[in-house]
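An overview of the molecular structure
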Amino acid sequence: DAELRYLLVGPTSDMLEKGPMIPAEWVGPQRWNEILTLCRLPAFRGFETAIVSNLEDFKQIYDSVEAEKESLPDPWDKKLSPLQRLCFVRSFRIDCLKAAIIDFITQEIGGKFVDPPTFDIAKSYADSVNTTPLIFILSPGTDPVSDVIRFAEQVGMAKKFEPISLGQGQGPKAQSMIDRARQSGGWVLLSNCHLMQSWMQTLEAIVEQLDPETMSNNFRLWLTSMPAKSFPVQVLQNGVKMTNEPPSGLRANLLRSYTTVSDRLFDESNKPSVFKTLLFGFCFFHAVVQDRRKFGPIGWNIPYGFTPEDLAVCRQQLMLFVNKYKDVPYKVLNFLGAQINYGGRVTDDKDKLLISTILGTFICPEAVNQKDHYKYSSSGVYFAPNAENVEDFVEYIKSLPLYPMPEAFGLHDNCNITCAQEEAFKLLLGMQSMVSAGGSGGDGKSADDVMDATAASIQDKLPKPFALDVCEQKFPTRYEESMNTVVKQECLRYNKLLTTMESSLKAFRKAIKGLIVMTAELEELGKSIFVNEVPEMWSKKGPLSLKPLSSWFPDIIARVAFFQNWNDLGKTPPVHWISGIFFPQAFFTGAMQNYARKHGEEIDLLSFSQKVMDNVTNPKKELTLPPEDGVYIYGLFIEGARWDSDTHMVQESQPKVLFTDLPPLWFLPVKDRKPNPTDYRCPTYKVLSRKGTLLTTGHSTNFVLYLELPTDQAVSKWIKAGVASFLALKH
């Protein structure tokens, strides 16, 4: 139980303070904390000493592409069981954990449990009868409607096939279609059941009342739905369930796109050479925007479900414009593709800029004029081939790498690690939801003992709330000092969190001892503590965070300490830890107001210029006086690139270094400022998930502002690489 808990949950406390020193720079604090936690398991006693004495051997495992298959130094390789080996992979190279779990399942229970079955609509149809609905469980980027229509034509049911997309007011229509088809032996397709929650009970009743003796044997009810709680469980249990994942990988996506292309299509164009090149560009673009989703937030802020129909519309428009105009209207094609056909699904403004930049790489005069000398990416592997027919295109596509490197998408190679880590965490989270909170917590303790001990530890270290009356005396509301309002609002927010934590921990510890009733809310708090998650009742009151509980609580202590120092100082500090501020947008507005009121300027005409102070290594010690105007801040991280203090510009990331610290910045308001068009406008977010929702105040729950960072390379490179800065990481 202890080993399984470690595999699923990982470290639940910081072991670095009292543990041995980090043996090498490449190990890093996060990995060393994982290893020290692992060493508390009986099977791994003394493992940290083995790492220190065999540092070179473990460095080879760290550098290996397939770390899960590497042998450990003796005697550990033979000593560890398969489950214990998974625990080691989790601690040392979590990006290899998914592959290790697949190997583990294959060895323990067989390969059939990890190989997904191929999608076969005819086979599913053969398994059904007239009373069993056929249910398509939708995934982003797939649309099974066209597959059903094609299958209906194959079996001669096209004339008796009626589709309807569910939505407001469509319930009675759908019901009458089902009634007619039951008698006539037709097929009915109800699309998007998840969009009509109110009608799902009616659907359940209809399916329950299907009587084989009073209806035609040919009748079939087809349903499509995204995974939704409102979908009737009984319908799901009785139905034949299917799912068709979109093809993953550039090559598979391109091959799928070219199955709908024929040589006759090329003949319809009066400029076949131009049409072929740009059509390949659109198909490659379609594959790129689909496959970027696997990289998580660095690929897209919000994962969009682009479909083959989006590509089909672009193909029709391309034919129209290439045939109609002497010169290809590249601007029009880019606008229609990126802003309407695909862009109609895109809601995030940063994603809108990204999709326009990506399409501009493929639909441009250079691609047509330079033919196969124009490369889509830095490797030179990807380009529009100088092909005559569909067969030649397919041959070229089949020669492409099966597993493309991130550079094919404009991303840095480090994204493979980010992607693998995200997949591992999602897998562990899914496993956690299936494992009950019962059982042992390790070291012979019961789950209740572990929860009580963790709750007691948090309770002991919990800071006291701020004395708001004293805060009001020290920081009265003044016209010339907006920061006084900012600090009071921040203290009030943290007080709400601290009082909620204090009262809930007291109640939970009493409930676990049986002194008061264990409510559902307190039970959820205990479950979260046991699996090292931040309880929902705390996260609702606290700042936005993706950290596990073991990292989140020390972060809260550090944030409260920052504002306690501000209180003790009695005035605005010379430099601000921006990561500790609950609502950073208010802080930047306060800094802008101070400047506007001091100099008598209109605040609407002001905007921040930013100077990266890469000559400062320790801002708290070196920046002892505030700037004459504006504010000094520190605590930002950057992903997808790094800041180079030698060139004073944004440069490529170092291999395996996913995030780096940004130097302190000086934010200075400037009137009628004109931004430098060669600077990269780097979006800054609170946390790594990037996506957020718009508040009634007009601010995002996640996006903070843009940093304008100097670069000597094309801005489009950094847009496609998903370069962004953050106030907080996941650990």
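Residues numbered from 1 in each chain as written. Predicted model: local features only at pLDDT ≥ 70, side-chain atom pairs only at ≥ 80, totals over all residues. Heavy atoms only, no water.

**Focus on the packing of aromatic side chains**
Worth spelling out the cut-off: In summary, the pairing rule links any two rings of Phe, Tyr or Trp, Trp by its six-membered ring, whose centres are within 6.5 Å, and it sorts them by plane angle into stacked for under 30 degrees, edge-to-face for over 60 and tilted for everything else. Per-residue accessibility, obtained with a 1.4 Å probe over protein chains only, is compared with the maximum for each type, and a residue is labelled buried under 20%, exposed over 50%, and partly exposed between these values. Helical segments are the DSSP runs of H or I of at least four residues, strand segments are the runs of E of at least two, and each set is numbered from the N terminus. Charge-over-ring contacts are defined here by two conditions on Lys NZ or Arg CZ: a distance within 6 Å of the ring centre and an angle within 35 degrees of the ring normal.
Considering all chains together, one arrives at 53 aromatic pairs under this definition. With a centroid separation of 6.4 Å and an interplanar angle of 70 degrees, the aromatic rings of Phe 266 and Phe 275 are classed as edge-to-face. There is no split in this pair, since Phe 266 and Phe 275 are both buried. Considering the side-chain rings of Phe 280 and Phe 284, the 6.1 Å spacing of their centres and the 40 degrees angle between planes classify their relative orientation as tilted. Residue Phe 280 and its partner Phe 284 are located together in helix α15 (residues 272-291), separated by four residues, close to a single helical turn. Here Phe 280 matches Phe 284 in class, with each residue buried. Members of the aromatic cluster, each reached through a chain of ring pairs, are Tyr 258, Phe 266, Phe 275, Phe 280, Phe 284, Phe 362, Tyr 374, Tyr 376, Tyr 382, Phe 383, Phe 393 and Tyr 396. The positively charged end of Lys 656 is found above the aromatic ring belonging to Tyr 62, 4.4 Å away from the centroid.

**Quick look at the pairing of strand β1 (residues 134-137)**
Just so we agree on the cut-off: In this scheme, strands are said to pair when DSSP sees at least two bridges between them.
The sheet contact formed by β1 and strand β5 (residues 240-242) spans three bridges and is parallel. Within β5, the position partnered with Phe 136 by the bridge is Met 242. When β1 meets strand β4 (residues 220-225), the two strands line up parallel, connected through four bridges. In the sheet register, Ile 137 faces β4, and the bridge partner there is Ser 225.

**Examining the pattern of salt bridges**
Quick note on the threshold: Should a side-chain nitrogen of Lys or Arg be within 4 Å of a carboxyl oxygen of Asp or Glu, the pair is scored as a salt bridge.
Inspection of the entire model under this criterion finds 29 salt bridges. Where Asp 63 meets Lys 59, a salt bridge forms, and the shortest distance between an N and an O atom there is 2.8 Å. On the criterion of helical spacing, the pair formed by Asp 63 and Lys 59 is a turn pair, its members being four residues apart in helix α4 (residues 55-63). Arg 493 is the salt-bridge partner of Glu 490, the closest N and O atoms lying 3.3 Å from each other. With Glu 490 and Arg 493 both in helix α24 (residues 483-512) and three residues apart, the pair spans about one turn of that helix.

**Notes on the environment of His 373**
Here His 373 is to be found in the loop between α19 (365-370) and α20 (390-398). Assessed through its relative accessible area of 66%, His 373 is described here as exposed. For the pair His 373 and Ala 384, spaced eleven residues apart in sequence, the C-alpha to C-alpha distance is 8.6 Å.

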